[in-house]
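# What the coordinates show
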Amino acid sequence: MKTLSEKELIQIRRHLHTIPELALHEHQTHDYLMKVIQSFDQSHLTIKTFQQLPTAIMVRVGGSNPKRTVGYRTDIDALPVKEQTGLPFSSHHQNIMHACGHDIHMTVALGVLNYFSIYQPKDNLLFFFQPAEESEYGGKRAYEMGLFHDEWKPDEFYALHDNPNLPAGAIGCRMGTLFAGTTEVNVDLIGKSGHAAYPQDANDMVVAAAEFINQAQTIVSRSINPIQSGVVTFGKMEAGTIRNVIAGKARIEGTIRGLDQAMIKRIDQRLKDIGEGIARSFNCQVNVGLNQGGYLPVQNNPKLTKFFIHHMQSDPAVNFIATKPAMTGEDFGYLLSKFPGTMFWLGVNDTSPLHSATFNPKESAIQKGVNAIVGFMQDRMDH
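Since the model is a prediction, treat every value here as computed from it, not as a measurement. (Residues numbered from 1 in each chain as written. Predicted model: local features only at pLDDT ≥ 70, side-chain atom pairs only at ≥ 80, totals over all residues. Heavy atoms only, no water.)

## Details of the sheet that holds strand 1 (residues 45–49)
Sheets are built from strands paired through backbone hydrogen bonds, the pairs being either parallel or antiparallel. Spelled out, the test is: Strand pairing requires that DSSP identify at least two bridges connecting the strands. The way it works is that DSSP assigns letters per residue, a run of H or I at least four long becomes a helix, a run of E at least two long becomes a strand, and they are numbered from the N terminus. Interaxial angle, 0 to 180 degrees, is taken between N-to-C directions of lines fitted to C-alpha atoms, where a helix line uses only the stretch in contact. A contact between two residues is defined here by any heavy atoms of the two lying within 4.5 Å.
Judged by pairing direction, the sheet is mixed, and its 8 strands sit side by side in the order 1-2-4-3-5-16-6-15 without closing on themselves. Either end of the sheet is taken by a strand with one partner, and the two such strands are strand 1 and strand 15 (320–322). Sheet twist, expressed as the average angle between the axes of neighbouring strands with direction ignored, equals 25°. As paired elements, strand 3 (residues 69–75) and strand 5 (residues 156–163) share 4 bridges and run parallel to each other. Looking across to strand 5, one finds that Tyr 72 is bridged to Tyr 158. Contacts from helix 2 (residues 27–38) reach strand 1, strand 2 (57–61) and strand 4 (124–130), with the element oriented near 165° to strand 1.

## Some remarks on the state of the cysteines
The criterion, for reference: Our working definition of a disulfide is a cysteine sulfur pair at a distance within 2.5 Å.
Applying the stated criterion across every chain yields a total of 0 disulfides. Take Cys 100: it sits in no disulfide, and the sulfur closest to it among the cysteines is that of Cys 173, at 17 Å.

## Some remarks on the packing of helix 3 (residues 102–118) against helix 10 (residues 364–381)
Our working definition: For classification, angles of less than 35 degrees are called roughly parallel, those exceeding 145 degrees roughly antiparallel, those between 65 and 115 degrees roughly perpendicular, and all remaining angles oblique. Take the far helix as the reference: if the near one is turned anticlockwise from it by less than a right angle, the crossing is left-handed, and if turned clockwise, right-handed. Under this grouping Gly is polar, as are all residues other than the nonpolar Ala, Val, Leu, Ile, Met, Phe, Trp, Tyr, Cys and Pro and the charged Asp, Glu, Lys and Arg.
It is at 9 Å that the axes of helix 3 and helix 10 come closest, and there the two elements cross at 50°. By the criterion of interaxial angle, the relationship of helix 3 to helix 10 is oblique. For the element pair helix 3 and helix 10, the recorded crossing hand is right-handed. Here helix 3 contributes Ile 104, Thr 107, Val 108, Gly 111, Val 112, Tyr 115 and Phe 116 to the contact with helix 10, which in turn contributes Ile 366, Gly 369, Val 370, Ile 373, Val 374, Met 377, Gln 378 and Met 381. Among the residues forming the contact of helix 3 with helix 10, the class breakdown is 11 nonpolar, 4 polar and no charged.

## With respect to the side chain of Thr 342
Defined as follows: Categorising residues by exposure relies on relative accessible area from a 1.4 Å probe, with only protein chains included: less than 20% of the type maximum marks a residue as buried, more than 50% marks it as exposed, and the intermediate range marks it as partly exposed.
Structurally, Thr 342 is set in strand 16 (residues 341–347). Classification of Thr 342 as buried rests on a relative accessible area of 0%.

## A closer look at the packing of helix 1 (residues 6–18) against helix 3
Here helix 1 crosses helix 3 at 140°, and the two axes come no closer than 9 Å. Helix 3 is crossed by helix 1, and the crossing has right-handed handedness. Along its contact with helix 1, which presents Leu 9, Ile 12, Arg 13, Leu 16 and His 17, the element helix 3 presents Asp 103, Ile 104, Met 106, Thr 107, Leu 110 and Gly 111. When grouped by side-chain class, the residues that make up the contact of helix 1 with helix 3 number 6 nonpolar, 3 polar and 2 charged.

## A word on the side chain of Asp 75
Using the following cut-off: N or O atoms within 3.5 Å of each other form a polar contact, as long as, within protein, one can give a hydrogen and the other can take it, and as long as residues adjacent in sequence are counted only when both atoms are side-chain atoms.
Within the element layout of this structure, Asp 75 appears in strand 3. Since its relative accessible area comes to 0%, Asp 75 is described here as buried. Of the polar contacts made by the side chain of Asp 75, one reaches the side chain of His 102; its length is 3.2 Å. Once residues within four sequence positions are removed from consideration, Asp 75 is found in contact with His 102, His 105, Met 106, Gln 130, Glu 133 and Glu 330.

## A look at the environment of Cys 173
Among the secondary structure elements, Cys 173 is positioned in strand 6 (residues 171–173). Classification of Cys 173 as buried rests on a relative accessible area of 1%. Separated by 17 residues in the primary sequence, Cys 173 and Ile 190 have C-alpha atoms spaced 46 Å apart. Leaving out residues up to four positions away in the same chain, Cys 173 has contacts with Asn 300, Thr 305, Phe 308, Ile 309, Phe 320, Ile 321, Ala 322, Thr 323, Thr 342, Met 343 and Phe 344.

See the structure below:
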């Protein structure tokens, strides 16, 4: 039996690209993945699905002389984005697109799994096709549901994310934090509405909300170490219904990003402090809601990441690039808080950014990614 060719991998990716689905609704994707996986040599494979998380798939590859179980995770969901690439294999699902490249992620994982279905590994391998990375915290859900137990528990975990800013097929990584942790912020301000001509009889929450936003922008500049990084962004504000009525309610929605959990908690606390101050200053009610969810910082394990980087730097077929931390969030951070492991970048060389309607990763990255990961896993199993 032959491994999947580059042409076959690209065909798989293009089909996955046509059927993007949102978090926890990846049913077509699940069925197609199962079809592809079941076409592989099953001699050493065990496939598992889950009633409590029905779009998830785990595949275990039994090793010939196992001393550990090496886990590999890929995400399978898409984004609510209307595709504008004009590609002949554009999304068939209206206003949904693989704008973050999870179709690339899945295809690389299938390529690696296909290789080890034919060439039995020494160690056990565990492939996790994870739903709900973009929202709904799929990694956290899987862990809390007890999906990782007994022979389905990895000793170490790896995953990639495509990167349009790196050359196609390049591998990027760093020691320490790769992705920031995130907190979702919802702030509700409640005062008293009234006529625009009589502000003394009302309590204007547009003004209070504006003051909250202004003060929040001082957190990073005055409460965070200047040599560290943090972000406080409010992307949405709603208040009022008409120009000549003072708004008695306002809602602000935003996000916090930080490179470690201590920094995120520091920013969280400062937002609460500001909320209390605004409530006293404007004699109103301020409710600061913070949802940390499953998006912890992606913090690479020092020992495993050192081995990973050394391997990639030593492989003449790999273009390895040392990268800086990114302020984007990634659900894999939760799994790395439970299992030691490493996340890394796969370059896809595109001028459009992740999550954009024109994102079009270079497919030449797929085979290079498969080769790099197979080589790493073989090296890892020899140590």
